[in-house]
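One-letter residues, chain by chain:
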Amino acid sequence: MAVPKKKTSKSKSRSRRASAWRLDAPPRSTCSRCSAVKLPHRVCGNCGWYKGRQALDVD
């Protein structure tokens, strides 16, 4: 049976676990109609358009 030769330090094991906690910036795209920044595959909150048609009535 394989046994570690040295004890893994706290900082080594904690940094390995902490790599999964990292937050990435959300993806962004621009609206083709008003060029506002929005999330991909979502209705534009600025003009209410999605895929070339008006999905919401935004005033």
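Position numbers for residues count from 1 along each chain, tracking the sequence in the order it is written. For a predicted model such as this one, the threshold for reporting local features is a pLDDT of at least 70, and the threshold for listing and counting side-chain atom pairs is 80 or more; totals across whole chains, interfaces and linings nevertheless cover every residue. Based on all heavy atoms of the structure, the side-chain values leave hydrogens and waters out of the count.

## Here's the deal with the overall build of the protein chain
So, point 1. Counting its secondary structure elements, the protein chain contains one helix and four strands.
So, point 2. Here a helix means four or more residues in a row that DSSP labels H or I, a strand means two or more in a row labelled E, and each is numbered from the N terminus. In sequence order, the protein chain lays out its α and β elements as α-β-β-β-β.
So, point 3. Here the globule rule reads 2.2 Å times residues to the power 0.38, and the radius of gyration is calculated from C-alpha atoms. Expected size for 59 residues packed as a compact globule is a radius of gyration near 10 Å; at 23 Å, the protein chain overshoots this value by more than 25%.
So, point 4. Each principal axis of the C-alpha atoms in the protein chain carries an extent, and together these give about 65 × 20 × 15 Å.
So, point 5. Any two residues whose heavy atoms approach within 4.5 Å are treated as being in contact. Long-range pairs, those at least 24 residues apart, make up 0% of the contacts in the protein chain between residues at least 6 apart in sequence.
So, point 6. Every accessible area reported is derived by Shrake-Rupley at a probe size of 1.4 Å, with residue values counting cover from the shown protein chains alone. Here the protein chain displays about 5700 Å² of accessible surface, and carbon together with sulfur accounts for 53% of that area.

## Considering the confidence of the model for the protein chain
So, point 1. For the protein chain, the average pLDDT comes to 92, and 100% of its residues sit at 70 or higher.
So, point 2. Known as pLDDT, the predictor's confidence for each residue is given on a scale from 0 to 100. The least confident element of the protein chain, judged by mean pLDDT, is strand β4 (residues 53-54) at 92; the most confident is strand β2 (residues 37-38) at 96.

## Topic: the side chain of K38
So, point 1. Structurally, K38 can be placed in strand β2.
So, point 2. Under this definition, polar contacts are N or O atom pairs within 3.5 Å; protein pairs additionally need one hydrogen-donor-capable and one acceptor-capable atom, and for neighbouring residues in sequence, both atoms have to be side-chain atoms. A distance of 3.2 Å separates the side chain of K38 from the backbone oxygen of R42, its partner in a polar contact.
So, point 3. Ignoring sequence-local partners within four residues, the contact set of K38 consists of P27, R28, S29, T30, C31 and C44.

## Some words on a positive patch on the surface
So, point 1. Residues form patches when they are more than 30% accessible in relative terms and have no salt bridge. Like charges link within 9 Å. Nonpolar side chains (Val, Leu, Ile, Met, Phe, Trp, Tyr) link within 5 Å. Here, a salt bridge means any Lys or Arg side-chain nitrogen found within 4 Å of an Asp or Glu carboxyl oxygen. His is not counted, nor are the chain ends, whereas Lys and Arg count as positive and Asp and Glu as negative. Here the site of a charge means NZ on Lys, CZ on Arg, CG on Asp, or CD on Glu. A cluster of basic residues, K7, K10, K12, R14, R16 and R17, forms a positive patch on the protein surface.
So, point 2. For R17, the position within the fold is in helix α1 (residues 10-18).

## Describing unusual backbone geometry
So, point 1. A positive phi angle, close to 60 degrees, is found at S35, a residue other than glycine.
So, point 2. Mapped onto the fold, S35 is located in the loop between β1 (29-30) and β2.
So, point 3. On the accessibility criterion, S35 (56% relative accessible area) is exposed. With a 1.4 Å probe rolled over the protein chains alone, any residue whose accessible area is under 20% of its type maximum counts as buried; one over 50% counts as exposed, and the rest are partly exposed.

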